[in-house]
Amino acid sequence: ANKIHITLVSDFFDFAVRHNQRIYIEIKDFRTIADIKLLTDLVESYNYESMTNIQSFNIDDLVEVRRLNKRVNVGWLTTNINSIQEDIDFDKLQKLKYADALIVDTIMVAFPEVQKKCYDADIGVCTWGIQYTLDVQNAMGVNVPRVITDLANNPTIKRGLQNVTY
């Protein structure tokens, strides 16, 4: 009796385009190269490359995205940098163009110098994982330029993010 409607990715793009919203899409491990092509084709069909960031923990996925589309933004996700010398492949990210290092907030706060290293390599920087007011305060303390959060409408978090793009 109750009909369930499953939203299509194209429905999501229609909504995002209509409301001029950025889209962050994560490629998961179970996806295939064919799926990556379907995704890049969809972004291209909406001419939404500058407002879409295709992200992955696997930098080789991003290399494939770049091979398929030269203009869409890509973001390499990380949760465990032990030092600014480890884990970020600056050379690969630099070659991708329109690339961001998307670094979990706890690492960004622990290693704020990673921002300068990214900027020097012409790599964008963004943090994610912001869930609490203290996370916002810590991120602001190291001048995080952009934040990805599910909680942007939380009044306390929104106040803390006034000077940040999210």
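A quick note: this is a predicted structure, and the numbers were derived from the prediction, not measured.

Visitor: How should I be thinking about the packing of aromatic side chains in this particular structure?
Guide: Note on aromatic pairs: each is described by the distance of the centres and the angle between the planes. Across all of its chains, the model carries two aromatic pairs by this definition. Ring geometry for Phe-57 against Trp-128: centres 6.2 Å apart, planes inclined by 80 degrees, an arrangement best described as edge-to-face. Placement of Phe-57 in the loop between β2 (52-56) and α3 (59-68) and of Trp-128 in strand β5 (residues 124-128) is noted, with a sequence separation of 71 residues between them. Its relative accessible area of 40% is what places Phe-57 among the partly exposed residues.

Visitor: Can you help me understand the pairing of strand β4 (residues 99-104) in this one?
Guide: On any regular strand, side chains alternate: one points to one face of the sheet, the next to the other face. Within β4, six of the six residues are buried, which leaves the element mostly enclosed by the surrounding structure. Taken together, the five bridges between strand β3 (residues 73-78) and β4 define a ladder with parallel strand orientation. If you follow Trp-76 over to β4, its bridge partner there is Ala-101. By the bridge criterion, five bridges tie β4 to β5 in an arrangement that is parallel. Among the inter-strand pairings, Ala-101 is bridged to a residue of β5, identified as Val-125.

Visitor: How should the pairing of strand β1 (residues 23-26) be read in this particular structure?
Guide: The alternating pattern of β1 places Ile-23 and Ile-25 on a buried face and Tyr-24 and Glu-26 on a face that is not buried. Pairing geometry for β1 and β2, over four bridges, is parallel. For Tyr-24, the partnering residue across the bridge sits in β2 and is Asn-53.

Visitor: What is the right way to look at the confidence of the model for the protein chain in this model?
Guide: A low pLDDT score tells you not to read the predicted coordinates there in detail. Per-residue confidence for the protein chain averages 81 on the pLDDT scale, and 82% of its residues sit at or above 70. Element-level mean pLDDT values for the protein chain span from 60 in helix α8 (residues 155-160) up to 93 in helix α1 (residues 9-18).

How each quantity is defined
- Residues numbered from 1 in each chain as written.
- Predicted model: local features only at pLDDT ≥ 70, side-chain atom pairs only at ≥ 80, totals over all residues.
- Heavy atoms only, no water.
- Phe/Tyr/Trp six-rings, centres within 6.5 Å; stacked < 30°, edge-to-face > 60°.
- Helix = DSSP H or I, 4+ residues; strand = E, 2+ residues; numbered from the N terminus.
- Buried < 20%, exposed > 50% of the residue type's maximum accessible area, 1.4 Å probe, protein only.
- Pairing = 2+ DSSP bridges.
- pLDDT = per-residue confidence, 0-100.

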